[in-house]
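Chain by chain, the residues:
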Amino acid sequence: DDPQTDTFYYRLRADRRVVVDKTHMPYSLSDARMKQWTEWFLEPQYTVSSLPSYEPKLASNPFITFKDLPVSARYRFMLEEAEFTIMGYIKGPVCRGQVALNVIEDHFWVFFVDPDVETMLYDPATSNEKLENLSLPAAEQSNASPFDIWTKYSKLQERHLNDKIEFLNTKYPEGAEISISSVWDGEGLNQNAALTIFRHFDNATVVKGLQGQNPKTAWVISYSLLERIHYLLVAGFDVYGNVGHQLNTRLYMDFLRMEGESQFLMFFPKDKAEKEFLSWYQGAEDKVENYIALLRRANLKRNNLVYQSDNVKSELFDRLKHYLGNKVLAPKKLLGAELGKLNKQTLSQLEMLSNIKSESLRFLPELSLIRLKLADGSEHVITMTLNRYHKNVSSLFMEEDRWVPERFYLSLYPGILGSYPNTFYALSEKDLDSFIQHLSSLREEEDYQVLLDKWGIRRTSDKFWPYVDWLHTWYADNQPLQSGIIDLNRFENR
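Residues numbered from 1 in each chain as written. Predicted model: local features only at pLDDT ≥ 70, side-chain atom pairs only at ≥ 80, totals over all residues. Heavy atoms only, no water.

Colleague: What's the story with the overall build of the protein chain in this structure? I'm lost.
Modeller: Counting secondary structure elements, the protein chain contains 17 helices and ten strands. Taking 23 Å as the expected radius of gyration for a compact globule of 494 residues, we find that the protein chain reaches 24 Å, a close match to that expectation. The buried share among the 494 residues of the protein chain stands at 53%. For the protein chain, long-range pairs separated by at least 24 residues make up 78% of all intrachain contacts whose partners lie at least 6 apart in sequence. Working note: accessible area of the protein chain is about 24200 Å², and carbon and sulfur atoms make up 51% of it. (Helix = DSSP H or I, 4+ residues; strand = E, 2+ residues; numbered from the N terminus. Rg over C-alpha atoms; globule rule 2.2 N^0.38 Å. Buried < 20%, exposed > 50% of the residue type's maximum accessible area, 1.4 Å probe, protein only. Contact = heavy atoms within 4.5 Å. Areas by Shrake-Rupley, 256 points an atom, 1.4 Å probe, with all protein chains shown as cover.)

Colleague: Looking at this structure, I do not really get a nonpolar patch on the surface. What am I missing?
Modeller: A cluster of nonpolar side chains, contributed by Phe8, Tyr10 and Leu12, occupies part of the molecular surface with about 470 Å² of accessible area. Locating Phe8 in the fold gives a position in the segment before helix H1 (31-42). (Patch = residues over 30% accessible without salt bridge, like charges linked within 9 Å, V, L, I, M, F, W, Y side chains within 5 Å. Salt bridge = Lys/Arg side-chain N within 4 Å of Asp/Glu carboxyl O.)

Colleague: What am I meant to see in the nonpolar core here?
Modeller: Proteins that are soluble and globular tend to have nonpolar side chains buried together. Counting residues in hydrophobic clusters, the biggest one holds 85 residues, and the most contacted among them are Phe111, Phe112, Ile229, Phe264 and Phe277. Residue contacts for Phe264: discarding those within four places in its chain leaves Ala218, Trp219, Val220, Trp280, Leu316, Phe317 and Leu320. Core analysis: the second largest hydrophobic core is formed by 29 residues, Met384, Leu412, Leu439 and Tyr448 among them. (Core = buried A, V, L, I, M, F, W, Y, C linked by side-chain atoms within 4.5 Å.)

Colleague: I keep staring at helix H4 (residues 71-79) and nothing clicks. Help me out?
Modeller: In an α-helix there are 3.6 residues to a turn, and that puts residues three or four apart on one side. Most of H4 sits out of view: seven of its nine residues are buried. Where H4 is concerned, the buried positions are Val71, Ala73, Arg74, Tyr75, Arg76, Met78 and Leu79. Buried-residue contacts for H4 involve H1, helix H3 (62-65), helix H5 (82-90), strand S1 (107-112), strand S5 (217-221) and helix H9 (223-235).

Colleague: What should I look at first to understand unusual backbone geometry in this one?
Modeller: Leaving glycine out, the prevailing phi sign among residues is negative, and the prevailing peptide bond configuration is trans. Even without being glycine, Phe201 reaches a positive phi, approximately 65°. Mapped onto the elements of the fold, Phe201 is located in the loop between strand S3 (195-199) and strand S4 (204-208). Using a relative accessible area of 25% as the deciding quantity, one classes Phe201 as partly exposed. A positive phi is found at Met398, a non-glycine position, where the angle reads about 55°. Of the residues examined, Met398 reaches a relative accessible area of 62% and is grouped as exposed.

Colleague: Which parts of the structure should I look at to understand the packing of H4 against H9?
Modeller: Packed helices, taken two at a time, are described by the angle their axes make and the gap between the axes. The geometry of H4 relative to H9 is characterised by a closest axis approach of 10 Å and an angle of 60° between their N-to-C directions. Accordingly, the angle class assigned to the pair H4 and H9 is oblique. For the crossing formed where H4 meets H9, the hand is left-handed. Facing H4, whose interface residues are Val71, Arg74, Tyr75, Met78 and Leu79, H9 presents Tyr223, Leu226 and Glu227. (Axes fitted to C-alpha atoms, helices over the stretch in contact; angles between N-to-C directions. Parallel < 35°, antiparallel > 145°, perpendicular 65-115°, else oblique. Left-handed = near helix turned anticlockwise from the far one by under 90°.)

Colleague: Can you walk me through the side chain of Glu315 in this structure?
Modeller: Topologically, Glu315 is positioned in helix H13 (residues 312-328). At 3.0 Å, the side chain of Glu315 and the backbone nitrogen of Gln308 are in polar contact. Once you skip the residues sitting within four places of it in the chain, Glu315 turns out to touch Val306, Tyr307, Gln308 and Ser309. (Polar contact = N/O pair within 3.5 Å; in protein donor to acceptor, adjacent residues only side chain to side chain.)

Colleague: What should I look at first to understand the pattern of salt bridges in this one?
Modeller: Pairing is possible between side chains that carry opposite charge, provided their charged atoms lie close to one another. Scanning the model with the defined rule gives 23 salt bridges in all. Residue Asp254 pairs with Arg250 through a salt bridge whose shortest N-O separation is 3.1 Å. In this pair, Asp254 and Arg250 both sit in helix H10 (residues 243-265), four residues apart, roughly one turn of the helix. You'll find Asp254 and Arg250 in the same group, each marked buried. Residues Asp453 and Arg458 are paired through a salt bridge, measuring 2.8 Å at the closest nitrogen-oxygen approach.

Colleague: Looking at this structure, I do not really get the sheet that holds S4. What am I missing?
Modeller: The strands making up a sheet associate through hydrogen bonds between their backbones, and the pairing can be parallel or antiparallel. If you trace the four strands from one edge of the open sheet to the other, you get S4-S3-S1-S5, paired in mixed fashion. Single-partner strands in this sheet number two, and they are S4 and S5. Neighbour-to-neighbour, the strand axes of this sheet turn through a mean angle of 25°, independent of strand direction. One ladder, built from five bridges, connects S3 with S4; its direction is antiparallel. Paired with Phe198 across the two strands is Thr205, which belongs to S4. The strands that H5 touches are S1, S3 and S4; relative to S4, the one it contacts most, it runs at about 175°. (Pairing = 2+ DSSP bridges.)

Colleague: Just checking my understanding: could you explain the packing of aromatic side chains for this structure?
Modeller: Any two aromatic rings considered together are summarised by their centre-to-centre distance and by the angle between their planes. Counting across every chain of the model gives 23 aromatic pairs. With a centroid separation of 5.7 Å and 50° between ring planes, the pair formed by Trp37 and Phe77 is classed as tilted. In this pair, Trp37 sits in helix H1 while Phe77 sits in helix H4, placing the two residues 40 residues apart along the sequence. With relative accessibility at 23%, the residue Trp37 sits in the partly exposed group. Residue Phe77 is classed as partly exposed on the basis of its relative accessible area of 36%. With a centroid separation of 5.6 Å and an interplanar angle of 65°, the aromatic rings of Phe264 and Phe268 are classed as edge-to-face. With a relative accessible area of 1%, Phe264 lands in the buried category. Clustering of aromatic rings is evident, with ring pairs tying together Phe424, Phe464, Trp465, Tyr467, Trp470 and Phe491. A cation sits over an aromatic face here: Arg33 above Tyr27, 4.9 Å from the ring centre. (Phe/Tyr/Trp six-rings, centres within 6.5 Å; stacked < 30°, edge-to-face > 60°. Lys NZ or Arg CZ within 6 Å of the ring centre and 35° of its normal.)

Colleague: Sorry if this is basic, but what is going on with empty space enclosed by the protein here?
Modeller: Rolled over the atoms, a probe with the dimensions of a water molecule shows which regions are left empty. As enumerated under the stated definition, the model contains two cavities of 30 Å³ or more in all. The space that makes up the largest cavity amounts to roughly 60 Å³. Lining of the largest cavity is provided by Glu105, Asp106, His107, Lys216, Asn387, Arg388, Tyr389, His390 and Tyr409. Its residues assigned to classes, the lining of the largest cavity comprises two nonpolar, three polar and four charged. Approximately 50 Å³ is the volume attributed to the second largest cavity. Contributing to the lining of the second largest cavity are Thr423, Leu452, Ile457, Arg458, Arg459, Phe491, Glu492 and Arg494. Tallied by class, the residues present in the lining of the second largest cavity amount to three nonpolar, one polar and four charged. (1 Å grid on protein atoms, 1.4 Å probe; cavity = no way out; pocket = protein on both sides within 12 Å on 5 of 7 lines; lining within 4 Å. Points joined across faces, edges and corners; volume = space filled by probe spheres on them. Nonpolar A, V, L, I, M, F, W, Y, C, P; charged D, E, K, R; others polar.)

Colleague: So what exactly am I meant to see when it comes to the confidence of the model for the protein chain here?
Modeller: Predicted coordinates in regions of low pLDDT should not be interpreted in detail. Predicted confidence across the protein chain gives a mean pLDDT of 90, with 95% of residues reaching 70 or more. Of all the helices and strands in the protein chain, strand S6 (residues 300-301) carries the lowest mean pLDDT, 68, while S1 carries the highest, 98. Confidence drops under pLDDT 50 across residues 335-339; counting only partners more than four residues distant or on other chains, this segment forms eight contacts. (pLDDT = per-residue confidence, 0-100.)

Structure, rendered in structure tokens:
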């Protein structure tokens, strides 16, 4: 507001706190962003008849609480900074521990429904009954039984899925048309339009772009799904809640994951969609019956999506990459400005490393940082993630029984990825061939020990702390916006 004085001063104070990678979430404020917010929330004509209640049942349901605000504005607010929105739970207290994290795959891609595509929530007259079907477990606070929650909210989720199909079939009596243009393209510039999520056993990371090789699964997230994930895992998550509250949150996330996956599969031919979905849930087919039924009931035209090959998923990924374009999917140069210094052989070796898919990888930890020294003496960081293949991710416990080790694979990321590295390596270009051969032929734990003997930097090594110091300096110099102190609590001791 106007300070009502001719002389006015800002007082700035330096923030001396140590920036920690795990909780560091920079968010840009600018005149352009303020202009967007004004266009979305202030310029449209709408009436707020009364301020929302703080009663848990209502406050936990954003679709009722903020019903008077334009839905498109609410969606775009989260969508324009989707990486930050998802980072809210990836870097938050909810995303901690194996049981909390085994609700997602180790590696998957995320796309979003275009905000101009109408959904039932874009209709101001959407009934409160339909909105109540989007209720979240936070309404029960910390008092509900997990068994009651599963029964109650699985029924609400089923009703919501039926509401969605009813809307499509009412709006498009001859069947809804679906095409690649139903996916948000970031207006051709916004790199938040495609994200990659990596799970590292008991923690996770989200980054922009489609990183790594084609994953097992992908999600397409709509407004109702994005808002519910945020309210489930951030706004409605009680850090001090009891085990029941945490378990209810975990159980409900199963529904949301499958909804995102089923929305991706709506781009498949109907027979292929069901087959693909069942391949993701081997041994847990009974838990996905509602979503299979959704795919069967969705009377969607696919005239714009005629596939030329039997590998529909791979072809769809290729189409999405082409549709989003190079500005949205800007290739992350492996070594920043130094990419030109890499010779073709080194690039080929790194590609070979990223394409390893083998049971030998079962000995590796989830997150390894490689310090790569080039022939010219410069040094750079590559993160190597282990992606474990699961028969399904629909159970809380006995995760190892659902691993398929022969389908484990690696992803390489240019720079530092994740907050909790498990091991360090120091390699030169000339070491790559031997490193790849050794890594591909691990048969026993002792073989992995030899790998560490040759190229690893153990926590007992006199090179450990100099490596850590160099790593943080490199991080600040090369990834200044994201950089923070990495956490060594999960560094292995083998």
